[in-house]
Amino acid sequence: MVSQAVEIASVKAEIAAAKRIIKEDKKTLRMVKTKYIIGAGNKLDVLKAKSELDKDRAMLPPLKQRLSIAKHAMAILVGKAPANWSVPNFELANFTLPKELPVSLPSELASKRPDILA
């Protein structure tokens with residue numbers, strides 16, 4: 001389950017980054033078009049900027065599909081139907097390691113398992 005939570009958070013971060021890139025691409029395209037209109041740029045620059053925007057927009061659908069797959073997998077792991085359960089709002093910034101990691105041997109950990117204790 002932890003790996004699914006991290007996958008969800010990381011894909012969400014990738015989607016947010018892609019959206020920021022697309023926003024900047026739009027600004028660049030507007031600027032290049034303006035330069036072209038006033039005669040300070042050429043058509044090739046406009047086409048390059050448009051191509052870059054289209055390429056970056058094409059990143060979103062596969063990312064959204066990965067997010068959907070991860071959310072469905074998480075729902076299945078918790079025993080719920082994906083349509084009837086909402087995944088918690090996982091964000092990468094919320095994942096932290098413990099301040100101190102316990103130093104123990106695997107055999108010590110195994111002796112604390114409830115099934116072994118029983």
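Residues numbered from 1 in each chain as written. Predicted model: local features only at pLDDT ≥ 70, side-chain atom pairs only at ≥ 80, totals over all residues. Heavy atoms only, no water.

Undergrad: Would you mind showing me how to read the overall build of the protein chain here?
TA: For the protein chain, the helix and strand inventory stands at five helices and zero strands. When the helices and strands of the protein chain are placed in sequence order, the string is α-α-α-α-α. The C-alpha radius of gyration computed for the protein chain amounts to 23 Å, which surpasses the reference 13 Å derived for 118 residues by more than 25%, pointing to a less compact arrangement than a globule. Summarising its shape, the C-alpha atoms of the protein chain cover approximately 80 × 35 × 20 Å along the three principal directions. The 118 residues of the protein chain split such that 20% are buried. In the protein chain, of all internal contacts separated by at least 6 residues, the share reaching a separation of at least 24 is 70%. Total accessible area computed for the protein chain in this model is approximately 8,900 Å², and 62% of it derives from carbon and sulfur atoms. Here the protein chain contributes 21 positively and 12 negatively charged side chains, and the mean placements of these two sets differ by 8 Å. (Helix = DSSP H or I, 4+ residues; strand = E, 2+ residues; numbered from the N terminus. Rg over C-alpha atoms; globule rule 2.2 N^0.38 Å. Buried < 20%, exposed > 50% of the residue type's maximum accessible area, 1.4 Å probe, protein only. Contact = heavy atoms within 4.5 Å. Areas by Shrake-Rupley, 256 points an atom, 1.4 Å probe, with all protein chains shown as cover. Lys, Arg positive; Asp, Glu negative; His and termini not counted. Charge placed at Lys NZ, Arg CZ, Asp CG, Glu CD.)

Undergrad: Help me understand the packing of helix α1 (residues 2–37) against helix α2 (residues 43–57), please; the structure alone is not making it clear to me.
TA: Packed helices, taken two at a time, are described by their axes: the angle between them and the distance between them. Their axes nearest at 9 Å, the elements α1 and α2 cross at an angle of 165°. Classified by the interaxial angle, the pair formed by α1 and α2 is roughly antiparallel. Considering the relative orientation of α1 and α2, their crossing is left-handed. Residues I21, I22, D25, K26, L29, V32, K33 and Y36 of α1 pack against K43, D45, V46, A49, K50, E52, L53, D56 and R57 of α2. Here the contact of α1 with α2 is composed, by residue class, of eight nonpolar, no polar and nine charged. (Axes fitted to C-alpha atoms, helices over the stretch in contact; angles between N-to-C directions. Parallel < 35°, antiparallel > 145°, perpendicular 65-115°, else oblique. Left-handed = near helix turned anticlockwise from the far one by under 90°. Nonpolar A, V, L, I, M, F, W, Y, C, P; charged D, E, K, R; others polar.)

Undergrad: Could you clarify how one ought to interpret the environment of V2 in this entry?
TA: Structurally, V2 is set in helix α1. We classify V2 as exposed; its relative accessible area is 63%. Taking C-alpha positions, V2 is 9.3 Å from M74, a pair spaced 72 residues apart along the chain.

Undergrad: How do you make sense of the nonpolar core when you look at a structure like this?
TA: Side chains that are nonpolar tend, in soluble globular proteins, to be buried together. Of all hydrophobic cores here, the largest spans 19 residues; its most connected members are I8, I15, M74 and F90. Tallying contributions element by element places α1 first for this core, with nine residues. (Core = buried A, V, L, I, M, F, W, Y, C linked by side-chain atoms within 4.5 Å.)

Undergrad: I keep staring at the packing of aromatic side chains and nothing clicks. Help me out?
TA: In total, this model carries one aromatic pair according to the counting rule given. A ring pair is formed by F90 and F95, whose centres lie 6.2 Å apart and whose planes are at 25°; its orientation type is stacked. The exposure class of F90 is buried, given its relative accessible area of 18%. (Phe/Tyr/Trp six-rings, centres within 6.5 Å; stacked < 30°, edge-to-face > 60°.)

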